[in-house]
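These are the residues of each chain, in order.
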Amino acid sequence: MGLILDLILHPSEAQAIVQYKVWHEPLHAREPENECDTLRRCYELLDLTSRSFSAVIQELSPELRDAVMIFYLVLRALDTVEDDMTLPIERKLPVLRNFHEYITQDGWTFKENGENEKDRQLCIEMDTVILEYKKLKPEYQAVIKDICKEMGEGMAYYSDETISVVTLKDLDKYCHYVAGLVGEGLSRLWANSGLENKKYGELMELSNSMGLFLQKTNIIRDYREDLDDGRTFWPKCIWSKYADDISDLAKVENQSAAINCISEMTCNALEHATDVLLYLSGLRNQSVFNFCAIPQVMAIASLSLVFRNPAVFQKNVKIRKGQACQMINGATNLQFVAEVFVKHARLIHQRNHPSDPNFLRISQLCGKIEQWVIDVIPPISATPKQVAWARAEERARHNGMTVEEQKQADKDMKIVIACVVAFWVGLGLLMAFVAWLLGARYDLAWAELTGRDMPVSTVVEKVVSSQSRSFEEL
Ligand code: MG
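The structure presented is a predicted model; accordingly, all values stated were derived computationally and were not measured. (Residues numbered from 1 in each chain as written. Predicted model: local features only at pLDDT ≥ 70, side-chain atom pairs only at ≥ 80, totals over all residues. Heavy atoms only, no water.)

*Asks:* How would you summarise the nonpolar core if you had to cite specific residues and measurements?
*Replies:* Within soluble globular proteins, side chains that are nonpolar tend to cluster in buried spots. Counting 120 residues, the largest nonpolar core has Phe99, Trp190, Trp234, Leu249, Leu280 and Phe341 as the members making the most contacts within it. Setting aside residues up to four positions removed in sequence, Leu249 forms contacts with Tyr223, Trp234, Trp239, Tyr242, Ala243, Ala258, Cys261 and Phe313. (Core = buried A, V, L, I, M, F, W, Y, C linked by side-chain atoms within 4.5 Å. Buried < 20%, exposed > 50% of the residue type's maximum accessible area, 1.4 Å probe, protein only. Contact = heavy atoms within 4.5 Å.)

*Asks:* I'd love a proper account of the side chain of His344, names of residues and values included.
*Replies:* Mapping His344 onto the fold places it in helix H18 (residues 334–351). Excluding its chain neighbours within four sequence positions, the residues that come into contact with His344 are Ile300, Ala301, Ser304 and Gln323. (Helix = DSSP H or I, 4+ residues; strand = E, 2+ residues; numbered from the N terminus.)

*Asks:* Quick one: what's the story with the coordination of the magnesium ion, residue by residue and with numbers?
*Replies:* Within the first shell, the magnesium ion binds the protein through Asp79 (OD), Glu82 (OE) and Asp83 (OD), at distances of 2.2 to 2.3 Å. Taken in chain order, the donor set of the magnesium ion reads D-x2-E-D. Of this pair, Asp79 and Asp83 both sit in helix H5 (residues 62–83), four residues apart, which is roughly one turn of the helix. With relative accessibility at 18%, the residue Asp79 sits in the buried group. (Donors = N, O, S within 2.8 Å, 3.2 Å for Na, K, Ca; no water.)

*Asks:* Please set out the side chain of His272 residue by residue, giving values where relevant.
*Replies:* When you line up the elements, His272 lands in the loop between helix H14 (255–270) and helix H15 (273–281). A polar atom in the side chain of His272 sits 3.0 Å from the side chain of Ser209. Residues in contact with His272, not counting those within four places in the same chain, are Ser209, Leu212, Phe213 and Lys216. (Polar contact = N/O pair within 3.5 Å; in protein donor to acceptor, adjacent residues only side chain to side chain.)

*Asks:* Can you explain the environment of Leu122? Please cite residues and give values.
*Replies:* Mapping Leu122 onto the fold places it in helix H7 (residues 120–124). Look at Leu122 and you get buried, because its relative accessible area is 1%. Put simply, Leu122 and Leu48 are 74 residues apart on the chain and 8.7 Å apart in space, counted from C-alpha to C-alpha.

*Asks:* Describe the packing of H14 against helix H16 (residues 286–306), naming the residues involved and giving the relevant values.
*Replies:* Interaxial distance between H14 and H16 falls to 10 Å at its minimum, and their mutual angle equals 160°. The orientation of H14 relative to H16 falls into the category roughly antiparallel. Here the hand of the crossing between H14 and H16 comes out left-handed. Of H16, the residues touching H14 (which contributes Ile262, Thr266, Ala269 and Leu270) are Ile300, Leu303 and Val306. The residue makeup of the contact of H14 with H16, split by class, is six nonpolar, one polar and no charged. (Axes fitted to C-alpha atoms, helices over the stretch in contact; angles between N-to-C directions. Parallel < 35°, antiparallel > 145°, perpendicular 65-115°, else oblique. Left-handed = near helix turned anticlockwise from the far one by under 90°. Nonpolar A, V, L, I, M, F, W, Y, C, P; charged D, E, K, R; others polar.)

*Asks:* Break down the environment of Met210 for me, citing the residues and quoting the values.
*Replies:* As for its position among the elements, Met210 is in helix H11 (residues 204–221). It is 8.6 Å that separates the C-alpha atoms of Met210 and Cys292, two residues lying 82 residues apart in sequence. Setting aside its immediate chain neighbours within four residues, Met210 contacts Val276, Tyr279, Leu280, Cys292 and Gln296.

*Asks:* How would you summarise the confidence of the model for the protein chain if you had to cite specific residues and measurements?
*Replies:* Interpretation of the predicted coordinates at a detailed level should be avoided for regions scoring low in pLDDT. Looking at the protein chain as a whole, its pLDDT mean stands at 88, while 88% of the residues score no less than 70. Confidence scores differ between elements of the protein chain, with helix H24 (residues 456–473) showing the lowest mean pLDDT of 51 and helix H8 (residues 126–133) the highest of 97. Within the model, the stretch residues 470–474 combines pLDDT values under 50 with zero contacts to residues more than four positions away or in other chains. (pLDDT = per-residue confidence, 0-100.)

*Asks:* Before we move on, could you go through the packing of aromatic side chains and cite the residues and values that matter?
*Replies:* Within this structure, the stated rule accounts for 17 aromatic pairs. An angle of 25° between the planes, with centres 6.1 Å apart, marks the rings of Phe433 and Trp436 as stacked. In this pair, Phe433 and Trp436 are both assigned in helix H22 (residues 403–437), three residues apart and thus about one turn of the helix distant. Taking relative accessible area as the criterion, Phe433 reaches 45% and is therefore assigned partly exposed. Among the aromatic side chains, those forming a connected cluster through ring pairs are Tyr157, Tyr158, Tyr174, Tyr177 and Phe233. The ring of Tyr43 has Arg30 lying over it, and the distance from NZ or CZ to the ring centre is 4.0 Å. (Phe/Tyr/Trp six-rings, centres within 6.5 Å; stacked < 30°, edge-to-face > 60°. Lys NZ or Arg CZ within 6 Å of the ring centre and 35° of its normal.)

*Asks:* Pulling in residues and values, what's your account of the pattern of salt bridges?
*Replies:* Here the structure, examined in full by the defined rule, presents 27 salt bridges. Lys251 is paired through a salt bridge with Asp248; the nearest N and O atoms lie 2.9 Å apart. Among the ionic contacts, a cluster of salt bridges with common partners joins Arg76, Asp79, Lys118 and Asp119. (Salt bridge = Lys/Arg side-chain N within 4 Å of Asp/Glu carboxyl O.)

*Asks:* Provide a residue-level description of the packing of H11 against H14, including the pertinent values.
*Replies:* Contact pair H11 / H14: the axes reach a minimum separation of 9 Å and the direction vectors enclose 170°. Accordingly, the angle class assigned to the pair H11 and H14 is roughly antiparallel. Across the interface between the two elements, Phe213, Lys216, Ile219 and Ile220 of H11 pack against Ile262, Met265, Thr266, Asn268, Ala269 and Leu270 of H14. In terms of residue class, the contact of H11 with H14 is made up of seven nonpolar, two polar and one charged.

*Asks:* Tell me about H5, and name the residues and values.
*Replies:* Since there are 3.6 residues in each turn of an α-helix, residues three or four apart along the chain are aligned in direction. Relative to the 32 Å expected for 22 residues at 1.5 Å per residue, H5 spans 32 Å between its end C-alpha atoms, a close match to the ideal helical length. Burial within H5 is extensive, with 17 of its 22 residues counted as buried. (Expected span 1.5 Å × (residues − 1).)

*Asks:* Which residues make up unusual backbone geometry, and what are the values?
*Replies:* Most peptide bonds take the trans configuration, and most residues that are not glycine carry a negative phi. For Arg308, which is not glycine, the phi torsion reads 50° and is therefore positive. Here Arg308 is to be found in the loop between H16 and helix H17 (321–330).

*Asks:* A description of helix H9 (residues 138–158) should follow, citing residues and the corresponding values.
*Replies:* For H9, spanning 21 residues, the distance from its first C-alpha to its last is 30 Å, which sits close to the expected 30 Å at 1.5 Å a residue. Within H9 the residues assigned to the buried category are Tyr140, Gln141, Val143, Ile144, Ile147, Cys148, Met151, Gly152, Gly154, Met155, Ala156 and Tyr158.

*Asks:* Any details on the environment of Ser256? Residues and values, ideally.
*Replies:* Relative to the helices and strands, Ser256 is located in helix H14. According to the relative accessible area criterion, Ser256 is exposed, its value standing at 54%. The sequence separation of Ser256 and Asp356 amounts to 100 residues, and the corresponding C-alpha distance is 9.0 Å.

What follows is the structure, given as structure tokens:
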């Protein structure tokens, strides 16, 4: 019912859904009939475990498809162990810490998960995943093993329930373990495949930002769900400014403080937006671009949806299905992605409110996205008005003002310059007038300047006056 109502209100999205369901043709299609049983089973496990990633992974270039699929399954299995609250901690920690070794051992499986654990079957069939892992190129295996080791360590660290996210550094550290590392691993896979610039294997900060932008958006969106599960990833240094307890943000009487808290969380996530655009701008393989771009456009759309939205405290707010299809259909080039980022930055900017303590920072971050797009992709937004707006944003950021203050300061400066010019022009004219009153002959000066003949009477006057001056001098 909700979907039908959405489609009536947004008819263009109905077209996007039809386009995706009927006309979407995978860039690279798998050929299951030519795959061995174990590889086919791995793709079945992928379908069972991942809703959103399965389709995009399967459309990757054949060079990368299996490696990314195995990478996903290994990390999903690791996460299943981490999430299982029925496992005693003294059993869980060594499994998490040694998982990167287990994936190299023929026949290893893990059958100790609780009966209700969603991806239990994947852990039971890890021997099949390991068989396919070992068929990957050694350089792909090395990347998967390295990331698995680091992530296992991180998960073991966060299994300690006394550890909570307090500072922004804690938030970045947590997001690095659960998402940034995935970005780093994928970049190294791109570089090793030869389909992308080798530099991607070294761009660890940008790769980390790709993961952090997605994860931080999810953390804001999942406030309610996480709270109901008895956990939170909103850093205390942020929420404690707006409420005594994280759960108090959901109380109606705290609504205005709570939506300001979302703004500060949004600021923190938006910091990564230009890194995301920069990362995407360097990709050259179409399937890799689509794979990386789709989650990012979804994330910026989600971020603009949750921004100052009190519904976040009551339910899991999600973008409409039609909107998602529109973005999947379009996220095949940098221009579209940049347009989506600019569109949502403007939506955020429109809903920004001067009473919000984060008002200025939000304006600056939205301006930074526009500025990036104008600098890198001029045809999209380079109307004179938008260029002027972005430049005012840039100056405002530099001078620590709001855009309105900067515009007023620009106007004041123009008035001062006009007054100075008018003063000097007026003074010059006044002096010329006084000189004329005292007998200055501008007509003679003009004639001399232009080289025209002077009138006879004037020549006589000139001779007489020069002679009389000579007499006076004598
Ligand atoms: Mg987990």
